[in-house]
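So the chains spell out like this:
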Amino acid sequence: MTIHYKTRLTSIGPEVADLAEGGVLILFADGAPPELAEVSALHAAEGPAGPPPAVGSTIRIGDLAATVTAVGETAWAKVTDMGHVVFSFNGASKAERPGEICVGAIDGADLAARLRSGTDIIIESAG
């Protein structure tokens with residue numbers, strides 16, 4: 001198993017649940033400005049990022065798993081450089097925005113229920 005990224009949520013902004021129910025999760029590293037923290041799940045990465053995930057990799061948010069379907073051209077650089085990424089749970093085969101990682105569609109209420117301080121997010125692939 002290759003771990004591309006592992007992080008732990010530290011704080012959940014007040015608007016995160018509504019976004020998650022709509023299929024969007026925004027991560028920012030701890031220390032994000034307050035206006036960004038309102039819409040973001042803040043996190044602390046546990047070690048350096050590995051290689052970029054390929055389509056077919058798995059993202060685990062607590063015990064919820066989904067498959068990566070597309071990675072925007074600058075998404076991985078933003079994750080590794082500043083701890084920022086937008087996950088769109090839309091199953092798209094092409095990212096609409098360069099900093100976006102698209103993931104298979106999941107129930108937004110299930111996603112929102114798992115977003116709490118202490119939850120691990122892991123992006124991994126077989127091999």
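Structure: see above.
Everything numeric in this text was worked out from a predicted model, so none of it was measured.

Conventions we followed
- Residues numbered from 1 in each chain as written.
- Predicted model: local features only at pLDDT ≥ 70, side-chain atom pairs only at ≥ 80, totals over all residues.
- Heavy atoms only, no water.
- Helix = DSSP H or I, 4+ residues; strand = E, 2+ residues; numbered from the N terminus.
- Rg over C-alpha atoms; globule rule 2.2 N^0.38 Å.
- Buried < 20%, exposed > 50% of the residue type's maximum accessible area, 1.4 Å probe, protein only.
- Arc of directions from axis to C-beta.
- Contact = heavy atoms within 4.5 Å.
- Pairing = 2+ DSSP bridges.
- Axes fitted to C-alpha atoms, helices over the stretch in contact; angles between N-to-C directions.
- Phe/Tyr/Trp six-rings, centres within 6.5 Å; stacked < 30°, edge-to-face > 60°.

For the overall build of the protein chain, give the residues involved together with the corresponding values.
Along its length, the protein chain carries four helices and eight strands. When the elements of the protein chain are put in sequence order from the N terminus, they spell out β-α-β-α-β-β-β-α-β-β-α-β. At 13 Å, the protein chain has a C-alpha radius of gyration in line with the 14 Å of a compact globule built from 127 residues. Reported as C-alpha extents along the three principal axes, the dimensions of the protein chain are approximately 35 × 30 × 25 Å.

Explain helix α3 (residues 75-82) residue by residue, including any values.
Those residues of α3 that fall on the buried side of the exposure criterion are A75, W76 and V79. Each buried residue of α3 lies within a common arc of 100 degrees when the element is viewed along its axis, so the set occupies one face. For α3, the elements touching its buried residues are β1 (2-12), β5 (64-71), β6 (85-88), β7 (100-103) and β8 (120-125). Directly beyond the C-terminal end of α3, a positive phi value near 65 degrees is found at G83.

I'd like a description of the sheet that holds β6, backed by residues and values.
Around the barrel, eight strands lie side by side as β1-β3-β2-β6-β7-β5-β4-β8; this closed barrel has mixed pairing. Going across the sheet, the axis of each strand differs from the next one's by a mean of 35 degrees, ignoring polarity.

Any chance you could break down the environment of L25 for me, citing the residues and the numbers?
Positionally, L25 belongs in strand β2 (residues 24-29). L25 gets classed as buried once you look at its relative accessible area, which sits at 1%. Residues L25 and V39, 14 residues apart in the sequence, show an inter-C-alpha distance of 8.7 Å.

Give a detailed account of the pairing of β7, specifying residues and quantitative values.
Going residue by residue along β7, you find E100 and C102 tucked away on one face and I101 and V103 tucked away on the opposite face as well. As paired strands, β5 and β7 are joined by three bridges and run antiparallel to one another. In the sheet register, V68 faces β7, and the bridge partner there is V103. The pairing of β6 with β7 spans three bridges and is classified as parallel.

How would you summarise the side chain of T69 if you had to cite specific residues and measurements?
Tracing the backbone shows T69 in strand β5. Its relative accessible area of 18% is what places T69 among the buried residues. If near-sequence neighbours (up to four positions away) are discounted, T69 is found in contact with V55, G91, A92, S93, C102, V103 and G104.

Describe the packing of aromatic side chains, listing the residues and the values that go with them.
Taken as a whole and assessed by the stated rule, the structure comprises two aromatic pairs. Between the aromatic rings of F87 and F89, the centroid separation amounts to 6.5 Å while the plane-to-plane angle is 45 degrees, which identifies the pairing as tilted. Accessibility assignment for this pair places F87 and F89 in one class, buried.

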